[in-house]
Structure formats: structure tokens, C-alpha cells
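Results of the structural survey
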Amino acid sequence: DTGVSQDPRHKITKRGQNVTFRCDPISEHNRLYWYRQTLGQGPEFLTYFQNEAQLEKSRLLSDRFSAERPKGSFSTLEIQRTEQGDSAMYLCASSLQTAGVAKNIQYFGAGTRLSVL
Amino acid sequence: GQNIDQPTEMTATEGAIVQINCTYQTSGFNGLFWYQQHAGEAPTFLSYNVLDGLEEKGRFSSFLSRSKGYSYLLLKELQMKDSASYLCAVRDLTTDSWGKFQFGAGTQVVVTP
């Protein structure tokens, strides 16, 4: 299976702790996205990378959130000093953006479900 | 997303047809996508429309009218495994050049025997 993989699938933490999630995109994909999804809602955009460059961050992404994609392959999303409001599913997606191809379909991982107690 | 509206839930019988509507408001429209998401799983890509008209793919079809800001996903010959949330997503070039996806809240389809 060469789809998008995320680790861990579930994370339970206490308020105030730091957590880090990992995303491994489809290998040839140059774009990587992070989303947050709460129950009954669609995914909300957090940030995205083109290769190793982080090109946009949502206003939803407070200073406690940081994302990296150091070698343009896997990415990590860190949340510092977690709050109960951070409890959500964190989804990663990747896509291949090439000139002349308009679709740029995003393929999603199964997500990391974060519960902050 | 605030500018994308779709019904919260729809119920249909196995073997029947269900049509999920999606309306959107954007000034930089650059494509509409439908995804299926089973509970606790990844959203999976179903269809893509950028020009007006109907795109058919097996039991699933998607329609787009850009002038009306309207799309629908048609699910035919419903099967129990089609019970899932269906997400409408619009790509918008208005605010930046890369085409951010904005998702609707999803429509939960319940298929009954």
C-alpha cells in the first residue's frame, strides 16, 4: 500500500503536554497538506507544503502549532501546550502538482485522532 | 466551510438512488471535488468537475453548474457499503494562487435494507 500514512492513529494526552504527529505522503507527491476535522464537520485547512517549503498557514494555526517537512518527504505537526479545544482528527493529504494538470487531486491519510484530557 | 452548503443527512433504501446537492459561493472557482468518508477513515476521492455538465463513473455521477454555483452527486443502485459521509470541496483561486480546498460539512448518507 503506497497511500498516505499517518502515525499514530490515536493519541491521548493531558492538557499542557506537547504532541507530535507524522505524515508520510505518497512518494512522488510534491505537495503535502494538514487539515483538522471535528465531529460532523468537513476538514479545515491548517497548512501546506510545496516540497520542503511551507507556503501557507491558516489563521486557525496558532503559535502553538508548528509543521515541518525537512526533506520534502515526510512531515510532522507539533502542538505545544495542548488545550482541550485541540481535540480533533488531524488529517494529512498529498498531491502531485505538475504543469498542465489541473486536477491536483488530494489523497488523504486516515488521520490521527487527538484527545486532550 | 461557510460558503459551501450541503444537507446534513439523507436516508435511502438499498437499491435506490440518492442525490446529494451542494451549493457554493466563490469568485475564484477552479474545480469541485466529491469525497466519501466512512467513520474513522480517510476521505477518498470520488469525482472532479471543473466544466459544466455531468461526469459519470460507474454508480456515481457528479454534475456541475458554475453559473448557479451548484453541484450534485448522484449515487445509483445504493449498497449498504455506501453508508458514509459525502464531502463537497471547492478549489478557490481568489485569495492565493495555489487553489485552497474548502470543504462543506458533509452529508451523512444512511442506507437502509
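The structure under discussion appears in the preceding block.
Residues numbered from 1 in each chain as written. Chains lettered and ligands numbered in written order. Predicted model: local features only at pLDDT ≥ 70, side-chain atom pairs only at ≥ 80, totals over all residues. Heavy atoms only, no water.

Side-chain direction in a regular strand flips from residue to residue, so the side chains alternate between the two faces of the sheet. All names here are of chain A. Burial along strand E8 (residues 75–79) is one-sided: Ser-75, Leu-77 and Ile-79 are buried, and none of Thr-76 and Glu-78, which face the opposite way, are. Across 5 bridges, the pairing between strand E3 (residues 19–24) and E8 is antiparallel. Each residue of the ladder has a partner; that of Thr-20, found in E8, is Glu-78. From the end of strand E7 (residues 65–68) to the start of E8, which pair antiparallel, there are 6 residues, and Gly-72 there has a positive phi angle of about 75°. (Buried < 20%, exposed > 50% of the residue type's maximum accessible area, 1.4 Å probe, protein only. Helix = DSSP H or I, 4+ residues; strand = E, 2+ residues; numbered from the N terminus. Pairing = 2+ DSSP bridges.)

Listed per partner, the contact involves 21 residues of chain A and 18 residues of chain B. Summing the contributions of chain A and of chain B, the shared interface buries around 1600 Å²; its carbon and sulfur component is 58%. At the surface where chain A touches chain B, the tally comes to 0 salt bridges. Linking chain A to chain B there are 3 residue pairs in polar contact (both at pLDDT 80 or more). Breaking the side of chain A that touches chain B down by element, the ones donating at least two residues are strand E4 (31–37) and strand E5 (44–50) of chain A. It is E4 of chain A that provides the largest number of residues to the side of chain A that touches chain B, a total of 4 residues. Residues of the side of chain A that touches chain B, tallied by class, amount to 10 nonpolar, 7 polar and 4 charged. (Contact = heavy atoms within 4.5 Å. Buried area = accessible area lost by both parts, 1.4 Å probe. Salt bridge = Lys/Arg side-chain N within 4 Å of Asp/Glu carboxyl O. Polar contact = N/O pair within 3.5 Å; in protein donor to acceptor, adjacent residues only side chain to side chain. Nonpolar A, V, L, I, M, F, W, Y, C, P; charged D, E, K, R; others polar.)

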